[in-house]
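# Chains, contacts and geometry: an overview
Spelled out, the chains give:
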Amino acid sequence: MTLSEKPKDLLISPIKNGTVIDHITAGEAINVLKILGITGTTDECLSIATNVESRLTHKKDVVKVENRELKKEEVDRIALIAPNATINIIRDYKVTEKKGVHIPKVLIGIIRCTNPGCITNTDEPIESKFEVIGTGLHCLYCDNFISGDIAGHII
Ligand code: CTP
Ligand code: ZN
């Protein structure tokens, strides 16, 4: 087999148990991890592939989280930046569940309000809370509206 015939699937190995977030908008894998609260200091076993070829969207990112089954409420938060993502739950190497992501009605504690005077930006222990309207976010504390680069405002 020549290098050009290398199966794409071998870029990152299949996992035994856990969650595969597939068809992530190319370039958004790092933001997906941020939204899920997965950082270099948490102890998940992770594989990340960026800009891999995909039939569906041309290029995509893929994130595999071993030994953790992400819950629907957790993964739905990524829908704003990766609306085509599919969530695959893997058990003993098999895909046992596959589902899409759905934009939640309310986002709590994920995005920082861009209004410096917003109560969620003070020392008060108040988490940000946004109502999702289309692709924009309406702050339920100060009425500020954030549109455009949502990923740039992830806490
Ligand atoms: N996968 C994995 N480990 C496994 C099984 C699957 O990492 N043990 C990954 C595959 O590489 C793929 C995703 O989980 O990225 C979904 O697997 P599968 O449903 O078999 O692939 P497709 O049919 O290509 O999925 P889709 O139709 O959603 O594109
Ligand atoms: Zn606000």
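Read on for a plain summary of the structure.

Scoring rules and cut-offs
- Residues numbered from 1 in each chain as written.
- Chains lettered and ligands numbered in written order.
- Predicted model: local features only at pLDDT ≥ 70, side-chain atom pairs only at ≥ 80, totals over all residues.
- Heavy atoms only, no water.
- Near = heavy atom within 4 Å.
- Polar contact = N/O pair within 3.5 Å; in protein donor to acceptor, adjacent residues only side chain to side chain.
- Areas by Shrake-Rupley, 256 points an atom, 1.4 Å probe, with all protein chains shown as cover.
- Helix = DSSP H or I, 4+ residues; strand = E, 2+ residues; numbered from the N terminus.
- Nonpolar A, V, L, I, M, F, W, Y, C, P; charged D, E, K, R; others polar.
- Buried < 20%, exposed > 50% of the residue type's maximum accessible area, 1.4 Å probe, protein only.
- Contact = heavy atoms within 4.5 Å.

## Let's talk about the site of ligand 1
Contacts to ligand 1 come from 13 residues, most closely from Ile15, His23, Lys64, Tyr93 and Lys98. Contact distances for ligand 1 include 2.7 Å between an oxygen atom and a side-chain N or O atom of His23. Compared with its free state, where it exposes 600 Å², ligand 1 has 69% of that area covered by protein. Listed by contribution, the elements that provide at least two residues to the shell around ligand 1 are strand 1 (18-25), strand 4 (86-91) and strand 5 (94-100). With 3 residues, the top contributor of residues to the shell around ligand 1 is strand 1. Residues belonging to the shell around ligand 1 are distributed by class as follows: 6 nonpolar, 2 polar and 5 charged.

## Regarding helix 1 (residues 29-36)
Across the 8 residues that make up helix 1, a large majority, 6, are buried. Every buried residue of helix 1 is listed here: Ala29, Asn31, Val32, Leu33, Ile35 and Leu36. Looking at the buried side of helix 1, the elements it contacts are strand 1, strand 2 (45-54), strand 3 (58-66) and helix 2 (72-76). Backbone geometry just downstream of helix 1 places Gly37 in the positive-phi region, at approximately 80°.

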